[in-house]
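In case you want the letters, here they are:
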Amino acid sequence: MHNLTIENYVKAIYQVCARADKDAASTGELATALSVSPGTVTSMLKTLSEAGLAEYMKYEGVSLTQAGRTLALRVLRRHRLIELFLVRTLDLTWDEVHEEAEHMEHAVSDLLVDRIDEYLGYPDTDPHGDPIPRADGTMVSVDSKKLTKWDAAEPFRLIRVMDQTSDFLRYLTEESLAPGCEGKIIAFRAEAGVLTIEVDGRQTTLGLDAADKLLVSALT
């Protein structure tokens with residue numbers, strides 16, 4: 001059994017690497033992700049290395065071993081299934097479930113998580129559109145782009161929200177934007193730093209920073 005600190009670290013390493021599409025995470029990136037000092041990260045990386053969960057290379061960063069990746073995916077599986085369970089069964093909103101899942105992900109057994117998965121019908125994604133790892137560690141992959149990189153001539157489907165802070169999710173709720181909604185780009189004004197989209201007949205203007213946090217795919 002691994003303690004919650006180790007689980008949080010391997011999860012953070014996996015997420016930092018996945019979001020930037022790279023093999024290693026820097027100590028600075030991990031310190032930011034975990035809200036700790038770089039010195040604390042460096043100390044913990046020695047523990048992860050001794051446990052065979054990560055490899056640290058000076059000037060290159062830290063990468064997960066196969067054992068570390070397996071553990072990270074198990075934690076993410078628990079977290080994302082718990083989030084979806086709380087939304088579907090207890091009617092929590094998608095901006096409320098992250099903190100709850102952060103606490104619960106370390107306490108539930110894999111058996112209970114598997115039962116939750118079965119109860120929910122083996123879902124592919126959580127409320128924010130993040131892919132849910134299967135029990136064997138595989139995940140559904142969907143071709144997507146940031147909204148700012150999308151071809152304005154093509155309609156899109158919003159499939160994932162990368163910023164899951166409560167304030168940002170509440171803002172998206174107010175604008176009726178959530179994974180699964182469909183729309184198109186009406187105007188892109190780079191000089192003003194905004195783009196306008198139409199979703200369900202309603203127009204919304206987003207700052208490019210906000211639009212960069214939304215992943216979209218083609219309609220099928």
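Further up the page is the structure itself.
Residues numbered from 1 in each chain as written. Predicted model: local features only at pLDDT ≥ 70, side-chain atom pairs only at ≥ 80, totals over all residues. Heavy atoms only, no water.

A. Highlighting the sheet that holds strand E4 (residues 156–161). The antiparallel open sheet is built from six strands, whose spatial order is E3-E8-E4-E5-E6-E7. Two strands bound the open sheet, and with one partner strand each, they are strand E3 (145–146) and strand E7 (202–207). With two bridges joining them, E4 and strand E5 (residues 182–189) adopt antiparallel strand pairing. When the bridges of E5 are listed, Arg157 appears paired with Glu182. (Pairing = 2+ DSSP bridges. Helix = DSSP H or I, 4+ residues; strand = E, 2+ residues; numbered from the N terminus.)

B. Representation of the packing of aromatic side chains within the structure. Summed over the entire model, instances satisfying the criterion amount to two aromatic pairs. Taken together, a centroid distance of 6.1 Å and an interplanar angle of 65 degrees make the contact between Phe85 and Tyr119 edge-to-face. Of the two residues, Phe85 is situated in helix H4 (residues 66–90) and Tyr119 in helix H6 (residues 110–119); the sequence distance between them amounts to 34 residues. For Tyr119, a relative accessible area of 60% corresponds to the exposed category. With a centroid separation of 6.2 Å and an interplanar angle of 40 degrees, the aromatic rings of Phe168 and Tyr171 are classed as tilted. Placement of the pair is Phe168 and Tyr171 together in helix H7 (residues 166–174), with a separation of three residues, close to one helical turn. For Phe168, a relative accessible area of 9% puts it in the buried group. Lys213 extends its terminal NZ or CZ atom over the ring of Phe168, reaching a point 5.2 Å from the ring centre. (Phe/Tyr/Trp six-rings, centres within 6.5 Å; stacked < 30°, edge-to-face > 60°. Buried < 20%, exposed > 50% of the residue type's maximum accessible area, 1.4 Å probe, protein only. Lys NZ or Arg CZ within 6 Å of the ring centre and 35° of its normal.)

C. Inspection of the environment of Gln164 at higher detail. The residue Gln164 is located in the loop between E4 and H7 in this model. Residues Gln164 and Ala152 lie 12 residues apart in sequence; the distance between their C-alpha atoms is 25 Å. In this structure, Gln164 is in contact with His128, Asp130 and Leu169, ignoring residues within four places of it in sequence. In terms of polar contacts, Gln164 uses its side chain to reach the side chain of Asp130, at 2.6 Å. Polar side-chain contacts of Gln164 include one of 3.1 Å to the backbone oxygen of Val161. (Contact = heavy atoms within 4.5 Å. Polar contact = N/O pair within 3.5 Å; in protein donor to acceptor, adjacent residues only side chain to side chain.)

D. Fine view of the layout of surface pockets. One number sums up the size of the largest pocket: a volume of about 1,200 Å³. Considering the residues around the largest pocket, the lining is formed by 34 residues, among which Ala18, Pro131, Arg160, Met162 and Leu215 are closest to the centre. Residue contributions to the lining of the largest pocket peak at seven residues, all from helix H1 (residues 4–20). Taken together, the residues of the lining of the largest pocket break down into 16 nonpolar, seven polar and 11 charged. Two domains each provide a minimum of three residues to the lining of the largest pocket, namely domain 1 (4–64) and domain 2 (145–218). The computed volume of the second largest pocket comes to approximately 600 Å³. Going through the elements one at a time, H1, helix H2 (27–34), H4, helix H5 (97–104) and H7 are the ones with two or more residues in the lining of the second largest pocket. (1 Å grid on protein atoms, 1.4 Å probe; cavity = no way out; pocket = protein on both sides within 12 Å on 5 of 7 lines; lining within 4 Å. Points joined across faces, edges and corners; volume = space filled by probe spheres on them. Nonpolar A, V, L, I, M, F, W, Y, C, P; charged D, E, K, R; others polar. Domains from an automatic or database assignment.)

E. Here's a closer look at the nonpolar core. Of all hydrophobic cores here, the largest spans 23 residues; its most connected members are Ile13, Leu30, Leu45, Leu48 and Val62. Among the secondary structure elements, those contributing two or more residues to this core are H1, H2, helix H3 (38–50) and H4. The leading source of residues in this core is H1, at eight residues. Ignoring sequence-local partners within four residues, the contact set of Leu30 consists of Ala12, Ile13, Val16, Ala25, Val41, Leu45 and Val62. (Core = buried A, V, L, I, M, F, W, Y, C linked by side-chain atoms within 4.5 Å.)

F. Local environment of the packing of H1 against H3. As a packed pair, H1 and H3 sit with axes 11 Å apart at the nearest point and diverge in direction by 100 degrees. Of the possible angle classes, the one that applies to H1 and H3 is roughly perpendicular. Here Thr5, Ile6, Tyr9, Val10 and Ile13 of H1 come into contact with H3, specifically with Thr40, Val41, Met44, Leu45, Thr47 and Leu48. (Axes fitted to C-alpha atoms, helices over the stretch in contact; angles between N-to-C directions. Parallel < 35°, antiparallel > 145°, perpendicular 65-115°, else oblique.)

G. Quick peek at the side chain of Thr65. Residue position: Thr65 is located in the loop between strand E2 (61–64) and H4. Using a relative accessible area of 16% as the deciding quantity, one classes Thr65 as buried.

H. Focus on the pattern of salt bridges. Following the criterion strictly, the structure yields 14 salt bridges and no others. Ionic pairing is found between Glu29 and Lys22, a salt bridge with its closest N-O pair at 2.7 Å. Of the charged contacts, one joins Asp110 and Arg78 as a salt bridge, the two residues approaching to 3.7 Å between their closest N and O atoms. Here Asp110 is found in helix H6, whereas its partner Arg78 is found in helix H4, with 32 residues between them in sequence. The exposure class assigned to Asp110 is partly exposed, which follows from its relative accessible area of 35%. (Salt bridge = Lys/Arg side-chain N within 4 Å of Asp/Glu carboxyl O.)

Keep in mind these numbers describe shape, not what the thing actually does.
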